[in-house]
Every structure is written in C-alpha cells, then in structure tokens.
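Descriptive analysis of the structure
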Amino acid sequence: MRLTKKPFFNIGLLWVNLFWGCASNSSYPFDQDDVLAAQKLYGVEFNEAEIDTMMKYLARNRSGYDSTRTFNIKYNESPAIAFNPLPPGFTIPSDQVETSFNIPDSISLPEKNKGLAFYSILELASLIRAGNITSEELTQYYLGRLERYNPQLEAVITLIKDEAIIKARSMDKEISEGKYRGPLHGIPYGVKDIIAVKGYKTTWGSEPYKDQVIDETAELVQKLNSAGAILIAKLTSGALARGDVWFNGKTRNPWDLKQGSSGSSAGSASATAAGLVPFSIGTETWGSILSPSSRCGVTGLRPTYGRVSRHGVMTLSWSMDKVGPICRNAEDCALILSVIHGSDGLDQTVYNAPFGLNLNEDVKSLRVGYIQEIIEKDTSASGDNGRAALDVIKNMGVNIDSVSLPSSYPFRAFDSILRAESGAFFDNLVTSGRVNMMVQQTSRSRANSLRQSRFIPAVEYLQANRLRSRLIKEMSDLFKQYDVILAPGRGSQQSLITNLTGHPAISIPSGFDKEGRPTSITLIGNLFDEASILRLAHIYQQQTDHEDKHPPMFID
C-alpha cells in the first residue's frame, strides 16, 4: 500500500525543532513517500506505522548532516576511529635485523651514457661515490629525459628543476668534504602527485585541484630528502587516484604507447620503466602500485598497512591506503623501504616496527604456497610465464604447496568500504558541485563513485568491516602455515583481499606476452614481513633477467 503524506500538528513540530534539531518551522524536509522510496535502495521494508515513528529521528539526522557540512573539515583531519589490521594474538616483530646495502665497486660510466637511465640505485650510487659522475650531472641527465620523453608518455605533472639542481650541487659539495649520507646520496627520484611537497602544486590528478598548493611536505619525502635523494618530478596520478587518466591526458605504457599504464600510480610506474627516474613513490588502495608495475614491467612494493607514513598524502581510504616504492628491482625496493618506514607520529596509524633483512639469506627455508587454481588454468602467456616462474623457484630448492585464498565472502560489499571512506574525504567536492569538473564522468569514473557514496548506509559499511575482521583472521591462519604466497599478476581476488587485510605484496616481472608487453607475478607476505617477499623476489631476479629488459623506444 502506498503511503500518503500525513499532516503534523504545530506543537509536534515545535517539539521536534526544540529537542530534535529539525531545521524547518513548518515541515520536515522530506515526507513519508521519500522514506518509502529510499527503502528500495537499501533493501529494507518498514510499514506505515514504523515509518511514522522514524520521522523525528530522520529529521534530526538530516539536521545533523546539514550542520556538519557548515564546518570546514581539513583534508588532513582523520576520523577518530582507526583501522586495526592485526588479528587476535598477532605480535608485531620486535627484533631488529641489521640491514646493509653493498654499493658495488666495479661500476663504470657507459660510453655516451648509453643505458645509464636504467642503472639501479646502487649502481648509480657507485658512480657518484667514486666520482665517475656528479649528482648535478646525473640530475641534469634525468631532467633532460623527463623533458624529452614526457610528450609520449604523459607521465609528468610538475618538473622540479631549480631546487633539484641546487640540492644536487649541495650533495656534490658534501662528497667533496668527505660527507656521504649513504646509497641515496645524490640520487634523483619522482613522487606520485597526490603526495604534498611544499612550494609545488599537488593536483591529485584532477581538474578541480589542478592549481592546489598544500603548504607542507609529506613525511616520506622529508625522509628521502634527508637521505640525500633529490626530488625532480611530481608524476601523474589518475584522477583522485583512479586509473591512468588525469586532468590533462592519459599516461602511457612505455612498452606499448597505445595502452594506458594502468592506475593510479600511473606516472610513477611509467616514468620508472622508461628510465626517466631511477625510482619513484606510488600509493595503493586497491592495486595502484601492483597493477601499473605489472603493466610497465617494473618492480613495485606495497608495504604492510601502517608501515609507511601517509602524512601529506591524499586520502582515498583511511583504512586501505598504503605508500610504497616502484623501482628497477627488489633490492632497490628494500633500500627505499628501509628509509621511509615508520613515522614520527604525524600519521598515528603507523606502527614503528623495525624493518631489516639479509637479501642473501638462503630462501630454502621459506614456506611458499601458490594459487594453483588460477595459475594452472591460465592459458595465456601470463599463465605460461607464471608457471615458468614457479619452476625457477622450485629449482632454488624451495618447497611449494598449492593454496587457496578465502573465497566465501561478499567481495562486492567490501568495495563499499573504499567508496564510503572516499566519499567522506571528498564530500565537499560532491556537495559543492565541483565534482562535475572532473574529466571522466562515466559510470565507472571516480566522479560517479563519489556521488553514489552518499547512498551507502553506515550500517552496511560497518557490517562489511565486521566481515573484514573475519577475513583478517582467516588470512592470519593461512600465514601461520606460509611465509610467502605466490599469486598471478592478474586474475584473482588477491589484490582486494590483501588490501583489505593490510598484507604486503611485491609485483615482479615474469616475462612478456605475445604482443611484447610485460607480465608479472605477485608475492604476498605476512604482516610486517616484507623481508620474506623481498628476499625471494631478489633471489628470483638473480636467477632471471626479466627486470633487466627495458622498453626499446626509450633506450638512448
């Protein structure tokens, strides 16, 4: 039976206005028909009498919503509730493993710098420390590549020239004075442009924010700068950390310029793969480090949730966002993580757990599982390369078992967690109408995702998180049996599952498909055990040469 609007007496309205905060003196801002229609969105059904008793509460809620919107909530104000990825009984490792990175002595400068763009961080460090190249020369070299190749890749939003050259000269001066900060001394790098750097635009890849300047520098950038690294570029992010399309173009895969670089650390992966920077920093909420790293054929590490500070980094999801390096190889990723992990308290979700590893430690003791039902059934080149990677690892003397990731969950419902949290962060963008300025306005666009977030009930968001706790427990039980789980680069729910549970993962190249585009495998580790996946990835890369292949059109 269709409900009809019923009259309300003035005394009742007065009572609502005084005690329940309803904004109007004459009527509610909605009627019972509105409530009846809204029920269909949420899959609930209340009768006429029940809806009648709700109206005061609903009016009070609406008044509260309106009042909240009058406050200027700053972008760096987080909710008072925080996500805890630790399952019951889990103990964060406390033993500090001494980590050292050996800078090789036998690295020489190539003739006419041919191939220099694809040297690893440690190889470049060798050149700088030995005086074979100055930091200023290296910085100028990479700045030149950024300017020359960016029109093809559309991977750069802001070049940082003058400040980078000044910093490079100061790094050279320190070396001349006998001061050496370590392997990152004088090494250029880039960051995804959702990471704030004082004095430069932080566009979040989106038209409404293309002129935004945030008056602070992200904590991780400060750490890299203190280690001697030189920021030379802010690299593209898909609009508000979605995909590879940003306000001024689409970032390309250096191996195939007809293809986007995937998202949303699109510029970081593309620029690193093309040798425009030695390494870069990306972010991931649901695949945004692993996916572009896979597509562009580079090594991308997504650390444990709470391992790296997100202070100064745009929020997409408070409970899912992570920050990590995109590099030439696993050893470089380990080096960068050793610098950026932990926090000085600016990001209160960070656990200051020790990080250390011995990359040359024997991997035969590692307990490794692989997702057989996906890898074995994949008849594409990616599947062939995944099975070949398994053979390489088995030949190292590692025992590998078949495993299955949790599957009996409402994975579509879990998506509401990300969408609700992003909707809260970008609420003003939606309610102000500026969301209409975004380049993409399709059903799968970020703009549309933000609009629909207003229709996610708080109850359903919390119910999804309760099931998320169950998923965390189930993954914890799995990692009581294994140190590393090998997954395909694509074709499973592993990216969503492990981003929900906060587990670390690394994407490493595994070969090429029939079109000559890179394929990858993913190694997943236990919480705060990046060491195991980095060790296995490093030894695997010593046995193969996939990470040493580079897109031909960007080789000088």
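What you see is a predicted model, and the numbers here were worked out from it, not measured in a lab. (Residues numbered from 1 in each chain as written. Predicted model: local features only at pLDDT ≥ 70, side-chain atom pairs only at ≥ 80, totals over all residues. Heavy atoms only, no water.)

By secondary structure assignment, the location of D321 is in the loop between strand 9 (299–302) and strand 10 (322–327). Polar contacts involving the side chain of D321 include one to the main-chain amide nitrogen of L316, which spans 2.8 Å. (Helix = DSSP H or I, 4+ residues; strand = E, 2+ residues; numbered from the N terminus. Polar contact = N/O pair within 3.5 Å; in protein donor to acceptor, adjacent residues only side chain to side chain.)

The terminal C-alpha atoms of helix 13 (residues 411–425), which comprises 15 residues, lie 22 Å apart, in line with the 21 Å expected from a rise of 1.5 Å per residue. Burial within helix 13 is extensive, with eleven of its 15 residues counted as buried. The secondary structure elements touched by the buried residues of helix 13 are helix 14 (427–431), helix 15 (446–452), helix 16 (458–478) and helix 17 (494–501). (Expected span 1.5 Å × (residues − 1). Buried < 20%, exposed > 50% of the residue type's maximum accessible area, 1.4 Å probe, protein only. Contact = heavy atoms within 4.5 Å.)

Next up on the list: the packing of aromatic side chains. Considering all chains together, one arrives at 18 aromatic pairs under this definition. With a centroid separation of 6.1 Å and an interplanar angle of 50°, the aromatic rings of Y75 and W204 are classed as tilted. In this pair, Y75 sits in the loop between helix 3 (48–68) and helix 4 (121–129) while W204 sits in the loop between strand 2 (188–192) and helix 7 (219–226), placing the two residues 129 residues apart along the sequence. Y75 gets classed as partly exposed once you look at its relative accessible area, which sits at 22%. Each ring, one from Y409 and one from F414, has its centre 6.1 Å from the other, and the planes form 35°; the classification is tilted. The side chain of R468 reaches across the aromatic face of F83, ending 3.8 Å from its centre. (Phe/Tyr/Trp six-rings, centres within 6.5 Å; stacked < 30°, edge-to-face > 60°. Lys NZ or Arg CZ within 6 Å of the ring centre and 35° of its normal.)

Another aspect to go through is helix 10 (residues 330–340). Most of helix 10 is tucked away: eight of the eleven residues are buried. Every buried residue of helix 10 is accounted for by A330, D332, C333, A334, L335, I336, L337 and I340. Residue N329 occupies the N-cap position of helix 10, its side-chain oxygen lying 3.2 Å from the main-chain nitrogen of E331.

Turning to the sheet that holds strand 1 (residues 156–159), a few remarks are in order. Strand order in the open sheet made by the eleven strands is 1-3-2-8-10-9-14-15-13-11-12, with mixed pairing throughout. One side of each edge strand has no neighbouring strand; the edge strands of this open sheet are strand 1 and strand 12 (400–403). Direction aside, neighbouring strands of the sheet carry axes that sit 30° apart on average. Both strand 2 and strand 3 (residues 230–235) contribute to a ladder of five bridges, which runs parallel. Across the sheet, P188 pairs through a bridge with I230, a residue of strand 3. The sheet contacts of helix 8 (residues 266–273) involve strand 2, strand 3, strand 8 (280–284) and strand 10, and relative to strand 8 the element is tilted by about 145°. (Pairing = 2+ DSSP bridges. Axes fitted to C-alpha atoms, helices over the stretch in contact; angles between N-to-C directions.)

Tallying each qualifying case throughout the model produces 28 salt bridges. Close ionic contact of D556 with R145 constitutes a salt bridge, the shortest N to O distance being 2.8 Å. Taken together, the residues span a long stretch of sequence, with D556 in the segment after helix 18 (530–543) and R145 in helix 5 (residues 135–153) at a distance of 411 residues. Residue classification places R145 among the buried residues on the basis of a relative accessible area of 0%. Put simply, D256, K258, D513, E515 and R517 are held in one network by salt bridges that share partners. (Salt bridge = Lys/Arg side-chain N within 4 Å of Asp/Glu carboxyl O.)

Let us look at the confidence of the model for the protein. Per-chain confidence: the protein averages 93 in pLDDT, with 95% of residues scoring 70 or above. Mean pLDDT values over the elements of the protein span from 40, in helix 1 (residues 10–19), up to 99, in strand 2. Across residues 1–26, confidence stays below pLDDT 50; counting only partners more than four residues off in sequence or on other chains, it has 40 contacts. (pLDDT = per-residue confidence, 0-100.)

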